[in-house]
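Inside the fold
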Amino acid sequence: MSDLRDDVRDGFRNAFKSEPAGVWSAPGRVNLIGEHTDYNEGFVLPFAIDRRTVVAVGVRDDRRMRVASTYADEVAALSMVELRPGQLGEWSAYPLGVAWALGEFGVDLGAVPGVDIFIDSDVPVGAGLSSSAAVECAVAIALNDVWQLGLDRQTLAQVCQRAENAAVGAPTGIMDQYAALFGRKDSAVFLDCRGMDAEPIPLGFAEAGLAIAVIDTGVQHSTAGGEYAERREACERGARELGVPSLRELRADRLDEARQVLDDVTFRRVRHVVTENQRVLDTVRTLRERGPAAIGPFLDDSHLSLRNDFEVSTPELDLAVETANANGALGARMTGAGFGGSVIALVPNDALSLLRVAIDGAFAEHGLGQPDTFVVTASGGAQRDF
Ligand code: ADP
Ligand code: MG
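Residue positions within a chain follow its written sequence, with the count starting from 1. Labels are handed out in written order, letters beginning with A for the chains and numbers beginning with 1 for the ligands. Residues qualify for local features only when their pLDDT is at least 70, as the model is predicted, and side-chain atom pairs are given and counted only at 80 or more; totals for whole chains, interfaces and linings, by contrast, use all residues. Side-chain descriptors were evaluated using all non-hydrogen atoms of the structure, hydrogens and water having been removed beforehand.

Quick look at the sheet that holds strand β11 (residues 372-376)
- Note on pairing: two strands pair once DSSP finds at least 2 bridges between them. In this description a helix means any DSSP run of H or I spanning at least four residues, a strand means any run of E spanning at least two, and both kinds are numbered starting from the N terminus. One open sheet holds the 4 strands; their spatial order is β9-β10-β8-β11, and the pairing between them is antiparallel. With one partner strand each, in any of the chains shown, β9 (331-335) and β11 form the two edges of the open sheet. Each strand axis lies, on average, 25 degrees off the axis of its neighbour in the sheet, ignoring direction.
- Here β9 pairs with strand β10 (residues 342-348) via 5 bridges, running antiparallel. Across the sheet, residue Arg-333 finds its bridge partner in β10, namely Ile-344.
- Here a residue-residue contact requires only that any non-hydrogen atoms of the pair lie within 4.5 Å. Note on definitions: angles span 0 to 180 degrees between N-to-C directions of axes, and those axes are lines fitted to C-alpha atoms, for helices only across the stretch in contact. Packing against the sheet, helix α9 (residues 296-308) makes contact with β9 and β10, and its axis sits at approximately 40 degrees to β9.

Put into structure tokens, the structure is as follows:
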């Protein structure tokens, strides 16, 4: 991590031939449980991980904005008053979109000084660990500081979500931004996406001799693709046909009625969201009352629901979950939106090395590329580093 902060300053100097004003960073996240519930006003329980996106930012004496990243060769540059969705490039739509979205939230982009931004990161891209929100949130807290905007973190989360929805065009919920901005060491962020209350929930993995292993299948997912939008639409259709403002309002005891009213696919999408909300509440209660070793069954049930009802898993994710559970994990599930990306497994520390070997072996046996298996720890949210 300290290497990354040095690298980002060197990268900034090389790209822009000047000194940055400061360095800021924001973490990636895993979602412990609560998948595809955020845009249904439901519950989520992500935690920020010890992988971060770091940005060095310098203030210019004109009104231009330039962004460069170790992720890409080109430098994106434009005048701040030209910031418009659809004209921000591909990867550069994330950082430039945050500046545009700040304008939508009332910042006068004709009055603030221009900036140069250099981005470096050790959050894997497209692995379901939210490299996208890490970029957005690092840029947002940096601009909030250098432009002296005084915006609170709730507002910055909304700004970043607006950037991803409108400037990038990915209709994602707000979970990732909350995890990146409200993450705390050794805690998960319990977020009620209706009231937008974020509460830290101590995890206690280390004390219990447990770890969360990420198994990155290497199959890149994309939230900008049609499948994600299609799942969102199915949830909205289900809520509309059942006469509730959002699926959050649908109680489990109405699922029998829902089965009569809805077509089979819509019903199963709805059932996933309703049962997943309950699993988040059960996981929080279990963490408090019995500790982290007892939450495994909720992770397993979540995966089955995402696989069978919401249909966002893949053969690689299913193989990783099955292999982890057959080799010492207490529970495992896909994490993030699905269609690729990563699995998380709750694993006793002394079972980790065996698990890694078993995963590699199973993927080789199925003729699949080798996954990347690594432990993540719950870490702090976005901050200024220098
Ligand atoms: P995830 O958030 O799961 O990693 P997304 O598809 O939501 O996947 O976001 C990945 C996109 O975010 C990349 O394709 C790229 O455009 C952008 N991105 C991620 N990390 C960086 C980075 N370090 N520099 C520039 N752009 C990045
Ligand atoms: Mg993302």
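With respect to the domain arrangement of the protein
- Throughout the structure description, domain borders are defined by an automatic or database domain assignment. Segmenting the protein into domains produces domain 1 (2-31 + 46-183) and domain 2 (202-376).
- A C-alpha centroid distance of 29 Å is found between domain 1 and domain 2.
- Taken over both partners, the interface formed by domain 1 and domain 2 buries close to 1,500 Å², and the fraction arising from carbon and sulfur atoms is 58%.
- When residues of domain 1 are sorted by the area they lose upon contact with domain 2, Asn-31, Phe-47 and Pro-171 head the list and together hold 31% of the total.
- Among the elements of the structure, β1 (22-33) and β2 (43-59) are those that each provide at least two residues to the side of domain 1 that touches domain 2.
- Looking at the side of domain 1 that touches domain 2, the element that brings in the most residues is β2, giving 4 residues. Note: buried area is the sum, over both parts, of the accessible area (probe 1.4 Å) each one loses when the two are combined.

Quick look at the pairing of strand β3 (residues 64-69)
- For β3 and strand β4 (residues 76-79), the ladder comprises 4 bridges, and the chain directions are antiparallel. Pairing of Arg-66 across the sheet is with Ala-77, part of β4.
- Between the end of β3 and the start of β4, which pair antiparallel, lie 6 residues.
- Bridging between β3 and strand β5 (residues 115-121) involves 5 bridges; their strand directions are parallel. Paired with Ser-69 across the two strands is Ile-119, which belongs to β5.

Comments concerning the environment of Asp-350
- If you trace the backbone, Asp-350 turns up in the loop between β10 and α11 (352-365).
- On a C-alpha basis, the gap between Asp-350 and Leu-210 in space is 8.6 Å, while along the polypeptide they are 140 residues apart.

Some thoughts on the site of ligand 1
- Nearness is judged by heavy atoms alone; a residue qualifies as near a molecule or strand once a single heavy atom is within 4 Å of it. Taken together, 18 residues lie around ligand 1, and Ser-69, Gly-126, Ser-131, Ser-132 and His-221 are the ones closest in.
- Identification of polar contacts relies on pairs of N or O atoms within 3.5 Å, with a donor-acceptor requirement for protein atoms, meaning one able to donate a hydrogen and the other able to accept it, and with residues adjacent in sequence counted only if both atoms are side-chain atoms. The separation between an oxygen atom of ligand 1 and a polar side-chain atom of Ser-131 is 2.6 Å.
- Ser-132 is positioned with one of its side-chain polar atoms (N or O) 2.9 Å from an oxygen atom of ligand 1.
- Using a 1.4 Å probe, accessible areas were evaluated by the Shrake-Rupley method; residue-level cover was limited to the displayed protein chains. Coverage of ligand 1 by the protein amounts to 91% of the 570 Å² it exposes when considered alone.
- When each cavity is represented as a set of grid points, ligand 1 is found to reside in the largest pocket.
- For the shell around ligand 1, the secondary structure elements donating two or more residues are β5 and α3 (131-146).
- If you tally residues by element for the shell around ligand 1, the top one is α3, at 3 residues. A cavity here means a set of points on a 1 Å grid, drawn over the protein atoms and nothing else, where a 1.4 Å probe fits but cannot get out; a pocket is an open set with protein on both sides within 12 Å along at least five of seven lines, and a residue lines either one if it has an atom within 4 Å of a point. A pocket or cavity is taken to hold a molecule when more than half of that molecule's atoms are within 2 Å of the pocket's grid points.

Here we look at the pairing of β1
- The rule is simple: take the accessible area with a 1.4 Å probe, protein chains only, and divide by the maximum for that residue type; under 20% is buried, over 50% is exposed, in between is partly exposed. Counting buried positions over the 12 residues of β1 gives 12, a clear majority of the element.
- For β1 and β2, the ladder comprises 10 bridges, and the chain directions are antiparallel. Within β2, the position partnered with Ile-33 by the bridge is Leu-45.
- Pairing between β1 and strand β12 (residues 383-384): 2 bridges, direction antiparallel. Each residue of the ladder has a partner; that of Trp-24, found in β12, is Arg-384.

A short note on the pattern of salt bridges
- Salt bridges are defined by distance alone: a side-chain nitrogen of Lys or Arg within 4 Å of a carboxyl oxygen of Asp or Glu. In this structure the tally under the stated criterion is 26 salt bridges.
- One salt bridge connects Asp-192 with Arg-248, and the closest N-O pair in it is separated by 2.7 Å. Of this pair, Asp-192 sits in strand β6 (residues 187-192) while Arg-248 sits in the loop between α6 (226-242) and α7 (255-261), placing them 56 residues apart in sequence.
- By relative accessible area, which is 15% here, Asp-192 ends up buried.
- Accessibility expressed as a relative area gives 15% for Arg-248, which makes it buried.
- A salt bridge links Asp-253 to Arg-251; the nearest nitrogen and oxygen atoms lie 2.7 Å apart.
- The class for Arg-251 is exposed, based on a relative accessible area of 56%.

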